[in-house]
Structure formats: structure tokens, C-alpha cells
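# Breakdown of the fold
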Amino acid sequence: MEQEQLKQRIKKLVKERNALLMAHNYQRDEIQEIADITGDSLALSMEAAKTDKQVIVFCGVHFMAESAAILAPEKTVLLPREDAGCPMADMITADQLREFKAQHPGATVVTYVNSTAAVKAESDICCTSSNAVNVARSLDADQLLMVPDRNLGRYIAKHVPEKDCICWEGYCPTHDRLRVEEIVQAKAKYPEALFMAHPECTPEILELADHICSTSGMYEFAKQNPAQTFIVGTENGILWRLKKENPDKEFIMPSRSLVCPNMKLTSLEDILTCLQTMEPRITVPEDVRAQAKLTLDRMLAVPRY
Ligand code: 13P
Ligand code: SF4
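Here we summarise the structure given alongside this text. (Residues numbered from 1 in each chain as written. Chains lettered and ligands numbered in written order. Predicted model: local features only at pLDDT ≥ 70, side-chain atom pairs only at ≥ 80, totals over all residues. Heavy atoms only, no water.)

### A short note on the pairing of strand β5 (residues 108-112)
To keep things clear, this is the line we draw: Buried means the residue's accessible area, taken with a 1.4 Å probe over protein chains only, is under 20% of the maximum for its type, while exposed means over 50%, and partly exposed covers the values in between. The way it works is that DSSP assigns letters per residue, a run of H or I at least four long becomes a helix, a run of E at least two long becomes a strand, and they are numbered from the N terminus. A pair of strands is treated as paired once DSSP finds two or more bridges between them.
The buried fraction of β5 is high, at five of five residues. Pairing geometry for β5 and strand β7 (residues 143-147), over four bridges, is parallel. Paired with Thr 111 across the two strands is Val 147, which belongs to β7. Bridge count between β5 and strand β6 (residues 125-127): three bridges; the pairing is parallel.

### Considerations on the pattern of salt bridges
In plain terms, the rule: We count a salt bridge whenever a side-chain nitrogen from Lys or Arg sits within 4 Å of a carboxyl oxygen from Asp or Glu.
Tallying each qualifying case throughout the model produces 21 salt bridges. Between Arg 179 and Glu 181 there is a salt bridge, and its shortest N-O distance comes to 2.7 Å. Residue classification places Glu 181 among the partly exposed positions, given a relative accessible area of 42%. Salt-bridge contacts for Glu 286 lead to Arg 289; the nearest nitrogen and oxygen are separated by 2.8 Å. Within this pair, Glu 286 and its partner Arg 289 are both found in helix α15 (residues 286-300), separated by three residues, close to a single helical turn. With a relative accessible area of 12%, Arg 289 lands in the buried category. One continuous salt-bridge network, built from bridges that share partners, spans Asp 95, Arg 98, Lys 101 and Glu 122.

Remember, this is a structural readout, not a statement about activity or role.
Pasting the structure below:
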């Protein structure tokens, strides 16, 4: 089927099913184009909880759809590709976290939202890439266990030096691959450009950044900053909206490897099939969901400063 025809059929079914089509900022362009909402992982989950639509089609990766199911258990949450996982989220299991806690009794567990529901349920509080530093500062604890992302953990440790941060050795294979030489080359070629980086990048890369922020933070930064050229230190799906919202500005990808294969799994065909079959549905066992929700609620209660 032609792409345009597929898009029309999806839009029609979205209406018939009284569904909301959500796409993460890293999804393929053609999916972001027809989504009702695009956004970062947590913003989408919060929208899922707020909407009066009964069906959420979540184009993203597994932990994101799970977060929507945690926050909105009464809704039907569909993930068009159930095999779209996040390797970083799978780098720690609930058993491994229990073991980690046993090794550091009394420490407070701060868990990045890129984690499974079972891991969230074993944690004290969640954080996202945009509020991680505030969350860490808000805690009345001397020692923090940061899971699963070592890079986000080190970034927090740098900005919250008064706390002892012990990081789990997880990482995002996509962001972790970005190399210092690639940034140095891009900066040499575009000396006027500002470099914005996601905190999932390594500390050496973050040292070179003019601005460190979440995916949605990049939209804000690019729009508000008068600079004309930006080097983009995150997954390439972000370009679609950056270019759309800033047609007169230039966005440079410093590396060809900034592609998350899991984020690119979902196709228009998958979305159509998912709307036709109302599968695969993402659910979380109630005991795990209730515990995991507490950790998200604690995070949402942290003042934004
Ligand atoms: P955001 O929460 O910034 O959207 O990031 C999610 C993610 O998977 C980054 O790799
Ligand atoms: Fe996970 Fe990295 Fe892909 Fe984000 S970009 S979904 S952290 S593997």
C-alpha cells in the first residue's frame, strides 16, 4: 500500500477506535507526521493519563508504553511493535536491583524512567533526563543508587557533589557510541554552531556541550536561542520537529550512528495492524503497577525550581 493511503487508513481507524496516536520524538518522520501528539517519554505518558480517549497507540519503546499503563491503568495501551524494547532499560532486572540495594543498605534508589515497571517498583523515586538533578537534590539522603544509566548517573554526580552517587553500569548503546572526535570535527566545520547533548551521552561528550537537556529541552533551546546552527547530540528522529519548528536554522548530526534501531522498528503498517487487531496490548500486574506508580508520583511532586 502507498504511504499516503496507509496514513489515511490509520487516521480513519484512529477516529473509529476513539484512540490517541502518540509518537516519541525519535520515531520515523512519517509516524511523527500523523501522530496526534509527539513528545518525550514522560510527557507522552502523562498525556496518556490525561486524555479522555480510551485507547492509546504508543509509538515508542516498551518501557514508555508501560509507563502509560502505570499512570492510566483504565485505558487500553497498545504498542504497535512489542519487540521494540530499550536495551538500556533491560540492563538491570528487579532481582539485580534487589541485590544492589542489599550491597548498599540505607541508600536511596533513583531510577531513570528508561526502566521496566518491575525495576521502578523496587525503587524509591524516578527521574527523567530533564529533572534528574532536581530530583537528586530534593532527596534527604547522603547516598544515591543511580540506575540503570551510568552516564545520567555521572551527570547527576557532577551537579550534586554533596551526595555520594553510586551508578549502575547501564548505558544507551546509541548515545554511548558518540565519539569525542566526531564532535571536535563537527565543531571545527561549524565553528558558530552550538552543541546540544542528551545526558545519556558519555561525560567526555557532555564536557563539550553548550547545553545538556532532554529531547523536548532541545526543541525549546533551538527555538529560543538566536544561534543559527546547532550540532545535535541525540537520536536522529529529533530532526523532524527541530526542522519543522525552525525552518531557517540548520541542524547538524555529528555522527551517522545516532540511530536507535528499536525506535525505528515501528512502521505505518504496524500501526495499521495494531489498530485493526487492538494488539499488542501492554499491561502491568496490579501489585507492580501500584508500587511503580508511587515512584513516578514522588518524582512528579518534586518542585521544578
Ligand atoms: P527523553 O525522555 O528525553 O525523551 O529520552 C528518552 C530516551 O529514550 C532517550 O534515549
Ligand atoms: Fe533506549 Fe537509547 Fe533507544 Fe532511548 S535511544 S530508547 S535509551 S536504546
